[in-house]
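Listed below, chain by chain, are the residues.
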Amino acid sequence: AVREALRGATVAGAPVLLTGYSELEAGGEPAEAGAPLVETLIAAGGALVVLAWVFGSFLSIVPLLVAAIAILTSLLVIWGLTTITNVSIIVQFIVPLIGLGVAIDYALLIVTRWREEREAGRDNDAAVQRSMETAGSAVVFSGITVGVSLVALVVLPVPFLQSIGYAGLLIPLISVLVAITLLPVILATVGPRLDWPRLRRGSQESRGWATWASLVVRRRWLASGVALVILAALLVPALSLKAGDPLADSLATGGEAYEGLALLQDSGIGAGVLLPFEVLARQSDPVGVASALGGVDGVRAVVAPEGGAWRIGDSAVILAMADADANSESGRDTLARVKGVAEDLPGTVQVGGLPALNADFIDAVFGNFPLLVGLVALVTFVLLVRAFRSLLLPLKAVILNVLSVGAAYGVMVLVWQEGYGAELIWDYTATGSITPFVPLTVFAFLFGLSMDYEVFILARMREEYDRSGSTNEAIVRGIGYTGRLVTSAAVILFFAFAALGSGPFVPVKILATGLAAGILLDATVIRALLVPATVSLLGDWNWWLPGWLDRLMSPRGSQHSQHTHGPTVAPVAVRDHEAPSSNASV
């Protein structure tokens with residue numbers, strides 16, 4: 001309505017431009033309504049190419065079908081949630097694109113295992129049953145671990161983050177539900193007919209990945225060192241992460257709002273007027289409050305208009321405008337000084353507005369963030385101990401996931417906060433800070449999604465170890481069977497996050513950058529290098545579990561018990577590069 005009212009208006013012959021923070025965020029044009037259908041279709045197209053390469057048959061459409069049903073079901077449930085709670089607009093980007101990656105991941109794991117069992121000579125029904133006992137079990141545990149990490153957003157007392165948490169929690173759980181109900185029915189009925197023309201035949205084990213795993217095992221110290229150097233190089237900039245909304249001049253590269261901001265800056269007024277400090281004075285003289293705040297260092301101007309729109313009873317609204325962008329370091333310092341002066345004024349004088357809201361948000365949420373991370377890590381650890389019958393494997397998995405998230409933070413800082421690559425890729429300048437909700441959301445999603453890959457790989461290693469009793473053989477065969485799967489899943493998720501980054505909002509682009517970088521780092525540096533190298537270094541200790549804890553968690557059976565108690569139990573076979581620990585008997 002304001003835009004229409006200003007159409008054609010002039011002042012002294014000069015045109016009137018509509019600008020502001022939200023206008024810049026929308027690119028200077030009215031934001032378009034509707035779900036990101038185009039972005040989802042682009043990501044689905046990329047996923048179909050990857051799936052066609054993996055299967056070489058019409059089976060490639062099955063994971064997409066599972067994803068479509070999971071996404072639509074999730075959206076339907078979220079639509080129901082809107083009747084009882086507010087749901088952020090960002091949810092309509094997150095659900096289709098992250099749901100696409102997660103659901104395809106789960107279906108990919110089960111279908112690949114089903115195909116492997118058929119190659120081994122099982123009839124179709126037996127292959128479906130065996131794939132659900134193995135891959136299906138891993139999918140259930142993966143979905144639970146993703147859900148646990150997303151509970152971190154639900155329990156925070158911030159409705160905006162809670163709505164993202166609800167949506168994120170529904171995506172993996174509904175994807176798991178579809179994968180363990182509808183998918184086995186498809187495989188048991190039309191699965192064999194869809195597995196045509198079988199352009200990719202033979203064993204589901206990848207020779208290339210098995211060879212790579214053998215190389216990593218032989219050079220495990222070197223592989224660990226290289227991976228840790230890469231992660232350390234990204235963890236260092238992560239330590240300088242500044243939480244805050246993007247600077248105004250980083251939000252748009254053209255349009256009416258951008259032109260208006262440029263004129264404000266050229267005039268010397270600056271961007272501070274776009275986000276004024278909104279002061280509420282009760283039982284206090286508005287003129288006196290305005291005079292006091294006007295003398296604060298860094299405040300350009302203060303206005304306290306009269307009239308019913310600004311004053312009701314003993315309450316009045318006063319606007320204080322800073323010299324600098326309120327989201328800059330200088331602007332935050334000015335806000336702190338304004339708050340300090342307001343506290344000493346007579347009556348009740350409170351400072352609000354978006355900059356003050358962000359400051360309160362950061363204090364309320366980030367103060368408890370380490371505790372939240374610790375609780376999520378602890379619950380995940382307990383679940384993985386139950387899944388892997390080990391103490392060290394889950395501990396290592398949690399630590400590596402935290403490192404992966406930290407490295408993703410480093411990429412966000414380098415690209416957006418510092419501006420290395422933002423202008424090249426998106427034609428945006430450095431934001432100067434990271435939108436406060438993004439680090440929390442990246443942790444919640446990335447910790448869970450990365451654990452997916454950890455579960456896929458380690459579950460297969462556990463299975464191979466139970467079969468052979470050799471840690472290094474379990475690594476080689478485990479990576480051989482899951483390497484191509486994890487890589488394909490990571491590429492599909494990367495396509496989804498790249499499509500998410502094409503959305504119109506800078507915070508969504510920052511979120512997509514962190515998720516995409518985290519997934520790529522996780523599938524390459526973490527899973528291809530650090531996981532096999534550290535499992536090899538730990539040797540038989542990987543499988544150690546105290547007897548009392550093993551009995552408490554319902555022993556897996558006599559055929560596995562000889563390998564579940566770590567280095568005090570003899571390995572079945574010892575390679576020349578796999579020496580048993582000093583207290584093991586051969």
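See above for the structure.
Q: Is there a simple way to explain the overall build of the protein chain in this structure?
A: Check the secondary structure of the protein chain and you find 22 helices and 7 strands. Expected size for 586 residues packed as a compact globule is a radius of gyration near 25 Å; at 28 Å, the protein chain falls within 12% of this value. Its C-alpha atoms give the protein chain principal-axis dimensions of roughly 85 × 50 × 40 Å. Burial statistics for the protein chain: of 586 residues in total, 53% are counted as buried. At a minimum sequence separation of 6, the contacts of the protein chain that also span at least 24 residues come to 78%. Here the protein chain displays about 24,300 Å² of accessible surface, and carbon together with sulfur accounts for 64% of that area. Counting 35 positive and 47 negative side-chain charges, the protein chain places the centres of these two groups 15 Å from one another.

Q: Help me out: how do you make sense of empty space enclosed by the protein in this one?
A: Empty space among the atoms becomes apparent when a probe as large as a water molecule is rolled across them. Under the defined criterion, the tally for this structure stands at 2 cavities of 30 Å³ or more. W209, I457, I479, T482, G483, V486, T487, A523, R527 and A528 are the residues that line the second largest cavity. For the lining of the second largest cavity, the residue count by class is 6 nonpolar, 3 polar and 1 charged.

Q: How should I be thinking about the pattern of salt bridges in this particular structure?
A: Opposite charge on two side chains permits them to pair, given that their charged atoms come into close proximity. All chains considered together, the criterion is met by 22 salt bridges. E256 serves as the salt-bridge partner of R3, at 3.4 Å between the closest nitrogen and oxygen. Of this pair, R3 sits in helix 1 (residues 2-6) while E256 sits in helix 11 (residues 256-267), placing them 253 residues apart in sequence. The exposure class assigned to R3 is partly exposed, which follows from its relative accessible area of 23%. A salt bridge links E454 to K396; the nearest nitrogen and oxygen atoms lie 3.5 Å apart. Highlighted residues: E454 in helix 18 (residues 437-468) and K396 in helix 16 (residues 392-417), separated in sequence by 58 residues. For the pair formed by E454 and K396, the shared burial category is buried. Taken together, the shared-partner salt bridges connect R113, E116, E117, R122, R130, E133, R460, E463, E464, R467 and R477 into one network.

Q: So what exactly am I meant to see when it comes to the packing of aromatic side chains here?
A: In this description, a pair of aromatic rings is defined by centroid distance and the angle of the planes. In total, this model carries 4 aromatic pairs according to the counting rule given. Their ring planes at 40 degrees and their centres at 5.4 Å tell us that F443 and F447 sit as a pair that is tilted. With F443 and F447 both in helix 18 and 4 residues apart, this pair spans about one turn of that helix. Residue F443 is classed as buried on the basis of its relative accessible area, which comes to 4%. Centre to centre, the rings of W541 and W544 are 6.2 Å apart; their planes meet at 65 degrees, and the pair counts as edge-to-face. On the basis of relative accessible area, W541 is assigned to the partly exposed category, the value being 36%. For W544, a relative accessible area of 30% gives the class partly exposed. Lying across the ring of Y481, R460 places its NZ or CZ 3.9 Å from the centre.

Q: What is the right way to read helix 3 (residues 37-55) from this model?
A: For the α-helix, the turn length of 3.6 residues means that residues three or four positions removed from each other point alike. Taking 1.5 Å as the rise per residue, helix 3 with 19 residues should run 27 Å; its terminal C-alpha atoms sit 26 Å apart, in good agreement. Taken together, the buried residues of helix 3 touch helix 4 (61-81), helix 5 (91-119) and helix 19 (471-500). Positive phi appears at G56, one or two residues downstream of helix 3, with a value of about 65 degrees.

Q: What exactly am I supposed to notice about the packing of helix 9 (residues 207-218) against helix 19 here?
A: Each pair of packed helices can be described by the angle between their axes along with the distance between the axes. Two elements in contact, helix 9 and helix 19, have axes separated by 8 Å at closest approach and are oriented at 135 degrees. Between helix 9 and helix 19, the angle is such that the two are oblique. In the packing of helix 9 onto helix 19, the handedness of the crossing is right-handed. In this structure, helix 9 contributes W209, A210, A213, S214 and V217 to the contact, and helix 19 contributes N472, I475, V476, I479, G480, G483, R484 and T487. Within the contact of helix 9 with helix 19, the residues separate by chemical class into 7 nonpolar, 5 polar and 1 charged.

Q: Where do I start with the pairing of strand 7 (residues 348-352) in this structure?
A: Regular strands show a simple pattern: their side chains alternate between the two faces of the sheet. Where burial is concerned, the two faces of strand 7 differ: the one with V349 and V351 is buried and the one with T348, Q350 and G352 is not. By the bridge criterion, 5 bridges tie strand 3 (residues 277-282) to strand 7 in an arrangement that is antiparallel. Of the residues in strand 7, the one forming a bridge with E278 is G352.

Q: Teacher, can you tell me more about unusual backbone geometry here?
A: Most peptide bonds take the trans configuration, and most residues that are not glycine carry a negative phi. With an omega dihedral of 10 degrees, the bond running from W196 to P197 counts as a cis peptide bond. Even without being glycine, A12 reaches a positive phi, approximately 55 degrees. Summarising the element assignment, A12 is placed in the loop between strand 1 (10-11) and strand 2 (14-15). For A12, a relative accessible area of 87% corresponds to the exposed category. One non-glycine residue, Q283, lies in positive phi territory at about 55 degrees. Tracing the chain through its elements places Q283 in the loop between strand 3 and helix 12 (286-294).

The rules behind each value
Residues numbered from 1 in each chain as written. Predicted model: local features only at pLDDT ≥ 70, side-chain atom pairs only at ≥ 80, totals over all residues. Heavy atoms only, no water. Helix = DSSP H or I, 4+ residues; strand = E, 2+ residues; numbered from the N terminus. Rg over C-alpha atoms; globule rule 2.2 N^0.38 Å. Buried < 20%, exposed > 50% of the residue type's maximum accessible area, 1.4 Å probe, protein only. Contact = heavy atoms within 4.5 Å. Areas by Shrake-Rupley, 256 points an atom, 1.4 Å probe, with all protein chains shown as cover. Lys, Arg positive; Asp, Glu negative; His and termini not counted. Charge placed at Lys NZ, Arg CZ, Asp CG, Glu CD. 1 Å grid on protein atoms, 1.4 Å probe; cavity = no way out; pocket = protein on both sides within 12 Å on 5 of 7 lines; lining within 4 Å. Points joined across faces, edges and corners; volume = space filled by probe spheres on them. Nonpolar A, V, L, I, M, F, W, Y, C, P; charged D, E, K, R; others polar. Salt bridge = Lys/Arg side-chain N within 4 Å of Asp/Glu carboxyl O. Phe/Tyr/Trp six-rings, centres within 6.5 Å; stacked < 30°, edge-to-face > 60°. Lys NZ or Arg CZ within 6 Å of the ring centre and 35° of its normal. Expected span 1.5 Å × (residues − 1). Axes fitted to C-alpha atoms, helices over the stretch in contact; angles between N-to-C directions. Parallel < 35°, antiparallel > 145°, perpendicular 65-115°, else oblique. Left-handed = near helix turned anticlockwise from the far one by under 90°. Pairing = 2+ DSSP bridges.

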